[in-house]
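Residue strings, one per chain:
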Amino acid sequence: MEFKELVDTAEKWCSGNPFDLIFAEDVDERRLDFYAEPGISFYVLCPDNLTGGTDNFHVWSESEDCLPFLQLAQDYISSCGKKTLLEVLDKVFRSFRPLLGLPDIDDDTFDQYHADVEEEPEPDHQQMGVSQQ
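Conventions and cut-offs
- Residues numbered from 1 in each chain as written.
- Predicted model: local features only at pLDDT ≥ 70, side-chain atom pairs only at ≥ 80, totals over all residues.
- Heavy atoms only, no water.
- Helix = DSSP H or I, 4+ residues; strand = E, 2+ residues; numbered from the N terminus.
- Buried < 20%, exposed > 50% of the residue type's maximum accessible area, 1.4 Å probe, protein only.
- Contact = heavy atoms within 4.5 Å.
- Areas by Shrake-Rupley, 256 points an atom, 1.4 Å probe, with all protein chains shown as cover.
- Core = buried A, V, L, I, M, F, W, Y, C linked by side-chain atoms within 4.5 Å.
- Pairing = 2+ DSSP bridges.
- Axes fitted to C-alpha atoms, helices over the stretch in contact; angles between N-to-C directions.
- Lys, Arg positive; Asp, Glu negative; His and termini not counted.
- Salt bridge = Lys/Arg side-chain N within 4 Å of Asp/Glu carboxyl O.
- Polar contact = N/O pair within 3.5 Å; in protein donor to acceptor, adjacent residues only side chain to side chain.
- pLDDT = per-residue confidence, 0-100.
- Left-handed = near helix turned anticlockwise from the far one by under 90°.
- Nonpolar A, V, L, I, M, F, W, Y, C, P; charged D, E, K, R; others polar.

Below, the discussion takes up the overall build of the protein. When helices and strands are tallied, the protein shows four helices and four strands. Seen in sequence order, the protein has helices and strands lined up from the N terminus as α-β-β-β-β-α-α-α. Buried residues in the protein amount to 33% of all 133 residues. Partitioning the contacts of the protein with sequence separation of at least 6, the portion at a separation of at least 24 is 36%. Surface accessibility of the protein: about 9,300 Å² in total, with carbon and sulfur atoms responsible for 50%.

Attention now moves to the nonpolar core. The tendency in soluble globular proteins is for nonpolar side chains to be buried as a group. Of all hydrophobic cores here, the largest spans 28 residues; its most connected members are Phe-19, Phe-34, Phe-42, Val-44 and Phe-96. Of all the elements in the fold, those that place two or more residues in this core are helix H1 (3-14), strand E2 (31-36), strand E3 (40-45), helix H2 (71-78) and helix H3 (85-96). In this structure Phe-42 touches Trp-13, Phe-19, Leu-32, Asp-33, Phe-34, Trp-60, Ser-61, Leu-70, Leu-89, Val-92 and Phe-96, once residues within four positions along its chain are discounted.

Before going further, it helps to examine the sheet that holds strand E4 (residues 58-60). Pairing is antiparallel across the open sheet formed by four strands, whose spatial order is E1-E2-E3-E4. The open sheet is flanked by strand E1 (20-25) and E4, the only strands paired with a single partner. Put simply, the sheet's adjacent strands are angled 20° from each other on average, direction ignored. Where E3 and E4 come together, three bridges link them in antiparallel fashion. Bridge assignment links Leu-45 to a residue of E4, and that residue is His-58. Sitting on the sheet, H3 touches E2, E3 and E4, and the angle it makes with E3 is about 155°.

Checked against the element boundaries, Leu-6 lands in helix H1. The class for Leu-6 is buried, based on a relative accessible area of 3%. Sequence separation between Leu-6 and Ala-24 is 18 residues; the distance between their C-alpha atoms is 9.6 Å.

So, on to the environment of Leu-67. Within the fold, Leu-67 resides in the loop between E4 and H2. When the C-alpha atoms of Leu-67 and Ser-41 are compared, they prove to be 9.5 Å apart, with 26 residues separating the residues in sequence. In contact with Leu-67, other than residues within four places in its own chain, are Trp-60 and Ser-61.

With that out of the way, let us pick up the side chain of Glu-25. Here Glu-25 lies in strand E1. With no salt bridge to any partner, buried Glu-25 finds its closest opposite charge in Arg-31, at an N-O distance of 5.6 Å. Only 3.2 Å separates the side chain of Glu-25 from the backbone nitrogen of Asp-28, close enough to count as a polar contact. Here Glu-25 is in contact with Phe-3, Arg-30 and Arg-31, once residues within four sequence places are set aside.

The pLDDT averaged across the protein works out to 82; a share of 74% of its residues lies at or above 70. The least confident element of the protein is helix H4 (residues 105-115), whose mean pLDDT is 48; the most confident is E2, at 97. Overall, residues 107-119 carries pLDDT values under 50, and its contacts beyond four positions in sequence, including any with other chains, amount to two contacts.

The N-to-C vectors of H1 and H3 enclose an angle of 35°; their axes lie 10 Å apart at closest approach. Every pair of crossing elements has a handedness; the one defined by H1 and H3 is right-handed. The residues of H3 that touch H1, namely those facing Leu-6, Thr-9, Ala-10 and Trp-13, are Leu-85, Leu-86, Leu-89, Asp-90 and Phe-93. Of the residues belonging to the contact of H1 with H3, the class tally is seven nonpolar, one polar and one charged.

See below:
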């Protein structure tokens, strides 16, 4: 993918969450830097298949406070299959939700799903073939 397309994808992604794309470099490495308050920063190195560069995305942070939260995204990137920039950024956002003061997505989805489900009492079943006289 052309670097300009990656930058456009990153800017669109930023419009739906607290992160801003603060730097995009295509000279030495295809790098996108992101920042959100309160001091959360990370960068993504993008694959460069055209010139024989890296095959996969790579996420990292120069902030020691942020690094542990990137483990989920790093594991996701290293798992089988090619990933898109949007998939990687969504995984990073999910990883940083606790630092951003947002609830965990998985917990919310589970609670919302089960909040609407009412359990019905099971009816008493008669045994088939057995007369109850």
